[in-house]
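Understanding the architecture of this molecule
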Amino acid sequence: MSKEISYALRHAPWEYELELDENGWVSVEQLLNSLKENSKWKNVTVVDLEHIIENSDKKRHELVDGKIRALYGHSIPMKIVKESAEPPAMLFHGTARRFLQSIGNKGLLPKGRQYVHLSNDIEIALQVGKRHDDNPVILEIDAKKAWNEGIKFYLGNDKVWLADNIPSKYIKVMS
Ligand code: HQG
């Protein structure tokens, strides 16, 4: 169900008759009603959603005051407004070796998503990279310099940071 909620809130809210507000929130009641149309989830309650969020391996969703949103990962056409914040000095991004040349030329781009996804944690970057390559490469982002020179960063969750793009001059290949 966590995957289905991510799909609904990140990629295809219209398939669930949901309309996200500018920060990505929707009413929990509307999401539950929509999920219940699938016989698999016909008895789902808000307690189930809270349980899924609390027990997930990553903090992907947030449920507050009767509303729920995905914290990152969006690909819908309407750009979700994220809160801008000063990043930690260093951030990491795990990716496939086959993308290195293009990243060297164009920097990190959001590709299919709305934002570039970065992490303050190398282990997380490694896991993200393994989705694309059995032997991924870790990129080190000089976030302090980028921030000082006007690149904006945004909060995802406590470990995921977002950016519109990262020019290659701030990127170093670690491994
Ligand atoms: C690459 C998951 C060529 C980029 C993860 C990445 C994350 C370029 C791929 C979150 C490029 C996009 C996002 C360029 C970037 N040329 N390739 N110029 N710029 N790329 O899946 O960051 O588990 O859209 O390096 O854990 O891998 O679902 O992004 O390899 O936090 O919660 O283009 O999704 O979260 O791939 O992953 P993705 P991502 P969940």
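Residue numbers run consecutively from 1 along every chain, following the written order of its sequence. Residue-level local features of this predicted model are given only where pLDDT is at least 70; pairs of side-chain atoms are given and counted only at 80 or more, and the full residue set underlies all totals for whole chains, interfaces and linings. To obtain the side-chain values, all non-hydrogen atoms of the structure were used and water was disregarded.

The name that an unreviewed UniProt entry assigns to the chain is Probable RNA 2'-phosphotransferase, with the source organism given as Clostridium neuense. UniProt positions are given in the numbering used here, feature names are shortened, and annotations may be inferred rather than shown by experiment. Recorded in UniProt under Function (unreviewed entry), the annotation for the chain is "Removes the 2'-phosphate from RNA via an intermediate in which the phosphate is ADP-ribosylated by NAD followed by a presumed transesterification to release the RNA and generate ADP-ribose 1''-2''-cyclic phosphate (APPR>P). May function as an ADP-ribosylase." The UniProt entry for the chain carries the following text under Sequence similarities (unreviewed entry): "Belongs to the KptA/TPT1 family."

1. Considerations on the overall build of the chain
Per the secondary structure count, the chain includes six helices and nine strands. Relative to the 2.2 N^0.38 estimate, which gives 16 Å for 175 residues, the radius of gyration of the chain is 17 Å and therefore close to what a compact globule would have. Dimensions along the principal axes, computed over C-alpha positions, put the chain at roughly 50 × 35 × 25 Å. Whether a residue is buried, partly exposed or exposed follows from its accessible area with a 1.4 Å probe, protein chains only, as a fraction of its type maximum: under 20%, in between, or over 50%, in that order. Within the chain, the fraction of its 175 residues that count as buried is 43%. Only heavy atoms matter for contacts: two residues are in contact if any of them lie within 4.5 Å across the pair. The long-range share in the chain, meaning contacts at least 24 apart out of those at least 6 apart in sequence, stands at 73%. Working definition of accessibility: Shrake-Rupley area with a 1.4 Å probe, residue cover restricted to the visible protein chains. Of the roughly 9,700 Å² of accessible surface on the chain, a fraction of 49% belongs to carbon and sulfur atoms. Working convention for charge: Lys and Arg count positive, Asp and Glu count negative, and His plus the chain ends are omitted. Where a charge lies is defined by one atom per residue type, namely NZ (Lys), CZ (Arg), CG (Asp) and CD (Glu). Treating the 25 positive side-chain charges of the chain as one cloud and the 25 negative ones as another, the clouds have centres 7 Å apart. Helix and strand assignments come from DSSP, with helices taken as H or I runs of at least 4 residues and strands as E runs of at least 2, each series counted from the N terminus. The globule rule used here is 2.2 Å times the number of residues to the 0.38 power, and the radius of gyration it is set against is calculated over C-alpha atoms.

2. Some remarks on unusual backbone geometry
The phi angle at E17 is positive, at roughly 55 degrees, despite the residue not being glycine. Despite not being glycine, D65 has its phi angle at roughly 50 degrees, a positive value. Of note, D65 is situated in the loop between β2 (61-64) and β3 (67-70).

3. Describing the nonpolar core
Each nonpolar core is a collection of buried residues, namely Ala, Val, Leu, Ile, Met, Phe, Trp, Tyr and Cys, held together in the definition by side-chain atoms within 4.5 Å. Residues L9, L31, L35, L49 and I68 are the most contacted members of the largest nonpolar core, which totals 19 residues. Elements with a contribution of two residues or more to this core: α1 (2-11), α2 (28-36), α3 (46-55) and β3. Of all the elements, α2 adds the most residues to this core, at four residues. The residues touching L35, leaving out its near neighbours within four places in the chain, are M1, E4, I5, W41, V44 and L49. Membership of the second largest hydrophobic core comes to 17 residues, among which are A85, A143, I151 and W161.

4. Looking at the site of the ligand
Proximity is defined per residue: any heavy atom of the residue falling within 4 Å of a molecule or strand makes that residue near it. In the vicinity of the ligand, 19 residues are found, and the nearest of them are K58, H93, T95, S102 and H132. Polar contacts, as counted here, are pairs of nitrogen or oxygen atoms within 3.5 Å of one another; within protein the pair requires one atom able to donate a hydrogen and one able to accept it, and residues that are adjacent in sequence qualify only if both atoms are side-chain atoms. R60 places a polar side-chain atom, nitrogen or oxygen, 2.7 Å from an oxygen atom of the ligand. Within the side chain of H132, one N or O atom sits 2.6 Å away from an oxygen atom of the ligand. Protein chains bury 89% of the 790 Å² of accessible surface belonging to the ligand in isolation. At three residues, helix α4 (residues 100-106) tops the list of elements feeding residues into the shell around the ligand. Each residue receives one of three labels: charged for Asp, Glu, Lys and Arg, nonpolar for Ala, Val, Leu, Ile, Met, Phe, Trp, Tyr, Cys and Pro, and polar for the others, Gly being one of them. Along the lines of polarity and charge, the residues of the shell around the ligand split into six nonpolar, six polar and seven charged. Among the domains, domain 1 (2-70) and domain 2 (90-173) are the pair contributing at least three residues each to the shell around the ligand. Start and end positions for the domains come from either an automated domain assignment or a database one.

5. Overview of the pattern of salt bridges
Think of a salt bridge as a Lys or Arg side-chain nitrogen and an Asp or Glu carboxyl oxygen that are within 4 Å of each other. Under the counting rule described, the total for this entry stands at five salt bridges. Of the charged contacts, one joins D164 and K79 as a salt bridge, the two residues approaching to 2.9 Å between their closest N and O atoms. Taken as a pair, D164 in the loop between β8 (160-163) and β9 (171-173) and K79 in the loop between β3 and β4 (90-95) lie far apart in primary sequence, 85 residues in all. Classification of D164 by relative accessible area gives partly exposed; the value is 26%. Take K79: its relative accessible area is 40%, and that puts it in the partly exposed class.

6. Remarks on α2
Considered for burial, the residues of α2 that qualify are V28, L31, L32, S34 and L35. Considered in projection along α2, the buried side chains sweep an arc of 165 degrees and stay on one side of the axis. As for α2, its buried residues are in contact with α1, β1 (26-27), α3, β2 and β3. Its side-chain oxygen placed 3.3 Å from the backbone nitrogen of E29, S27 serves as the N-cap of α2. Think of it as the arc spanned by the lines of direction from the helix axis to the C-beta atoms.

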